[in-house]
Amino acid sequence: MPEDAAEGSSPRQDVMQARQIGEAWQRIETWLGRHAPATHAALRPGASEDEIAALEESIGVRAPAELRALWRLCAGSRDVPAAGLIPDQGWALLNLEAVARSYQWHMDNQRRQARRDPETLVWRPSWLPFCAWSVTDLSFGRFVDAETGETGGWDDTAVRTVEDTSLTMLLEEVADRLEYPKLATGYKPGLIGEALVWGPPDSEEAAALWEPWTG
């Protein structure tokens, strides 16, 4: 059976977190539908409770309420160039199959590293991937800690970071950057055609096509 999510979580807290995720996601999805239809079209419909339960059973971890709420609204992205949604790198939301594949790879890598050095920690069992460079390129991405609710990231080396930021806070920040781009710090929203692209882009070719969104 999957391990429980964050300690101290209560049904009331779960409902509140789900509502906050829903509100933030509605703001994001509304903006995409109006201004970045290609990125909006890349989003998959929400997953069923049975699909989420099957994922949790396969990895042996129960997802926190925030992540379950997001998956019920949107079960990841399609593998298309316009799928980049999460700043700053424009990472794509992972579908449930990609979540399981990424999680298993990280856990296998943790076991390999631990055999060489028992003190090595490159991945905790409670870390659940939710977005990456793309649905198929999982070398960089972000995770949610099912025990603490904190988000973090990984890269293609051994670097892992954990931040004092929840998934709700992350999605609210995305919504704020889209709705109030003049107040955004770091990468700002823009468009290449009908796709959301956070920028200015690093490549000269993309930068020439990129149009900043100013509201």
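Keep in mind that this is a model prediction, so the values were computed, not measured.

Conventions we followed
Residues numbered from 1 in each chain as written. Predicted model: local features only at pLDDT ≥ 70, side-chain atom pairs only at ≥ 80, totals over all residues. Heavy atoms only, no water. Salt bridge = Lys/Arg side-chain N within 4 Å of Asp/Glu carboxyl O. Helix = DSSP H or I, 4+ residues; strand = E, 2+ residues; numbered from the N terminus. Buried < 20%, exposed > 50% of the residue type's maximum accessible area, 1.4 Å probe, protein only. Contact = heavy atoms within 4.5 Å. Polar contact = N/O pair within 3.5 Å; in protein donor to acceptor, adjacent residues only side chain to side chain. Arc of directions from axis to C-beta.

(A) How the structure looks around the pattern of salt bridges. Counted under the stated rule, the structure contains 11 salt bridges. Across the pair Arg-27 and Asp-176 runs a salt bridge whose closest N-O atoms are separated by 2.6 Å. Within this pair, whereas Arg-27 is found in helix α1 (residues 11-35), its partner Asp-176 is found in helix α6 (residues 167-179), the two being separated by 149 residues in sequence. Residue Arg-27 is classed as partly exposed on the basis of its relative accessible area, which comes to 26%. Connected via shared salt-bridge partners are Glu-49, Glu-56, Arg-62, Arg-68 and Arg-72.

(B) Focus on the environment of Asn-95. Its place among the elements puts Asn-95 in the loop between β1 (92-93) and α5 (96-116). Exposure remark for Asn-95: the relative accessible area of 11% places this residue in the buried category. In this structure the C-alpha to C-alpha distance between Asn-95 and Cys-131, which are 36 residues apart in sequence, comes to 8.6 Å. For Asn-95, the contacting residues outside a window of four places in its chain are Arg-44, Ala-75, Gly-76, Ser-77 and Val-135. Within polar-contact distance, the side chain of Asn-95 engages the backbone nitrogen of Glu-97 at 3.2 Å. A distance of 2.7 Å separates a polar side-chain atom of Asn-95 from the backbone nitrogen of Ala-98.

(C) Here's a closer look at helix α3 (residues 49-59). Within the span of α3, buried status applies to Ile-52, Leu-55, Glu-56 and Ile-59. Projected onto a plane normal to the axis of α3, the buried residues spread over an arc of 95° and lie on a single side. The first or second residue beyond α3 is Gly-60, which carries a positive phi of 80°.

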